[in-house]
Amino acid sequence: MYVPGLYDYRTDEMKLPVSELFSLLNINFSRGQDQINIIEGTFLTNGEPYSLNFDNFTATKGGRRFEFNAERMQVGNLDYFMSPEVFSQVFGMEFTVNINALTLSLRSDRMMPIEERRQRELARSRIEDRSFKREFNPLLYDRNRSVLSTGFLDYTVGATSLVNEQRQNYS
């Protein structure tokens, strides 16, 4: 996956694109309706509202307010850029940038929506891949067999095994 970045030679720091990363990670965001340099949305599945203001270099998330200097948050031509420290302080997303290898890695204690989506798709494919075969087992004794011509005995024994439970039934 290709993620553009903005390298600041003055501070020797890589700034990461907010909209691009949030799109790749399926994090809810939208541009502010009143002001153009605001990104807002809800963070992850617990629905914490957040707002990133690139005019006054502030961020709010879940009722907490963070203030940064102009070197940490920057408006670019095509995207908004923040330093990895801002991502870490506000969202708990620890990005590691390796300029020599041109790699970007993310570590977070919370599960990102893209991971949740992949797990749901994997579980769905496992369910769809199951083949439910109906097997007919042969009878041990023929049903027409009579015992003193007074009647017959009919029985059924079954078992179902799932991931977290087992069920047995009989009649």
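Our structure's up above, just so we're on the same page.
All residue numbers here refer to positions counted from 1 along the written sequence of the relevant chain. Only residues with pLDDT of at least 70 are given local features in this predicted model, and only at 80 or more are side-chain atom pairs given and counted; all residues enter the totals for whole chains, interfaces and linings. To get the side-chain values, take all heavy atoms of the structure and skip hydrogens and water.

## Description of the pairing of strand β7 (residues 64-67)
Note: two strands are recorded as paired if DSSP finds a minimum of 2 bridges between them. Strands are runs of DSSP state E lasting at least two residues, helices are runs of H or I lasting at least four, and both sets are numbered from the N terminus onward. Bridging between strand β6 (residues 58-61) and β7 involves 4 bridges; their strand directions are antiparallel. Each residue of the ladder has a partner; that of Ala59, found in β7, is Phe66. Here β6 folds back onto β7 in antiparallel fashion, the turn holding 2 residues, of which Gly62 has a positive phi close to 55°.

## Description of the pairing of strand β13 (residues 166-170)
Taken across its 5 residues, β13 has 0 buried, putting it largely on the surface. Alignment of strand β12 (residues 157-161) against β13, held across 5 bridges, turns out to be antiparallel. Among the inter-strand pairings, Ser161 is bridged to a residue of β13, identified as Gln166. Taken together, β12 and the strand that follows it, β13, pair antiparallel across an intervening segment of 4 residues. Burial classes follow relative accessibility: with a 1.4 Å probe on protein chains only, a residue under 20% of its type's maximum area counts as buried, one over 50% as exposed, and anything between as partly exposed.

## Quick look at the sheet that holds β6
Strand order in this open sheet of 5 strands is β3-β4-β5-β6-β7, and the pairing throughout is antiparallel. Of all the strands in the sheet, the pair left with one neighbour each is β3 (30-31) and β7. When checking whether two residues touch, look at their non-hydrogen atoms; a contact exists if any pair is within 4.5 Å. Note on geometry: axes are C-alpha line fits, over the in-contact stretch for helices, and angles between N-to-C directions span 0 to 180 degrees. Packed onto the sheet, helix α2 (residues 84-91) meets β4 (38-43), β5 (48-53), β6 and β7 and runs at close to 30° relative to β6.

## Observations regarding the packing of aromatic side chains
Stacked, edge-to-face and tilted are the three classes for Phe, Tyr and Trp ring pairs, Trp counted by its six-membered ring, which pair at centre distances within 6.5 Å; planes under 30 degrees apart are stacked, over 60 edge-to-face, the rest tilted. Under the counting rule described, the total for this entry stands at 11 aromatic pairs. Residues Phe87 and Phe91 carry aromatic rings whose centres are separated by 6.5 Å and whose planes lie at 40° to one another, so their mutual orientation is tilted. Taken together, the positions of Phe87 and Phe91, both in helix α2 and 4 residues apart, correspond to about one turn of that helix. Given the relative accessible area of 0%, Phe87 is considered buried. Feature note: the residues Phe22, Phe29, Phe43, Tyr50, Phe87, Phe91 and Phe95 constitute an aromatic cluster, connected by ring pairs.

## A word on the sheet that holds strand β1 (residues 6-8)
Spatially, β1-β2-β9-β8 is the arrangement adopted by the 4 strands of the open sheet, whose pairing is antiparallel. Each end of this open sheet is capped by a strand with a single partner; those strands are β1 and β8 (73-75). Strand-to-strand twist across the sheet, computed as the mean angle between neighbouring axes with direction ignored, equals 30°. As paired elements, β1 and strand β2 (residues 13-17) share 3 bridges and run antiparallel to each other.

## Overview of helix α3 (residues 113-129)
With 17 residues, α3 ought to run about 24 Å at 1.5 Å a step, and its terminal C-alpha atoms sit 24 Å apart, in line with that. Residues of α3 that are buried: Pro113, Ile114 and Glu116. Along the long axis of α3, the arc covered by the buried residues comes to 160°, so they all point the same way. α3 presents Arg118, Arg126 and Asp129 as exposed residues on the side facing more than 90 degrees away from its buried surface. Expected helix span is given by 1.5 Å per residue-to-residue step, counting one fewer step than there are residues. This arc describes the spread of directions from the helix axis toward the C-beta atoms.

## Overview of the layout of surface pockets
The way it works is a 1 Å grid over only the protein atoms, where trapped points that fit a 1.4 Å probe form a cavity and open points with protein on both sides within 12 Å along at least five of seven lines form a pocket, and then any residue with an atom within 4 Å of a point lines it. Grid points are joined across faces, edges and corners, and a volume is the space filled by probe spheres set on the points. Its boundaries defined by the atoms lining it, the second largest pocket holds a volume of some 630 Å³. Around the second largest pocket, the lining comprises 26 residues; the ones closest to its centre are Val3, Leu21, Phe95, Leu104 and Ser105. Contributing elements (two or more residues each) for the lining of the second largest pocket: β2, α1 (18-24), β10 (93-98), β11 (103-108) and α3. Counting residues per element, the lining of the second largest pocket draws most heavily on β11, which supplies 6 residues. Class assignment for the residues of the lining of the second largest pocket results in 17 nonpolar, 5 polar and 4 charged. Under the grouping applied here, Gly and all other residues not named as nonpolar or charged are polar, the nonpolar ones being Ala, Val, Leu, Ile, Met, Phe, Trp, Tyr, Cys and Pro and the charged ones Asp, Glu, Lys and Arg.

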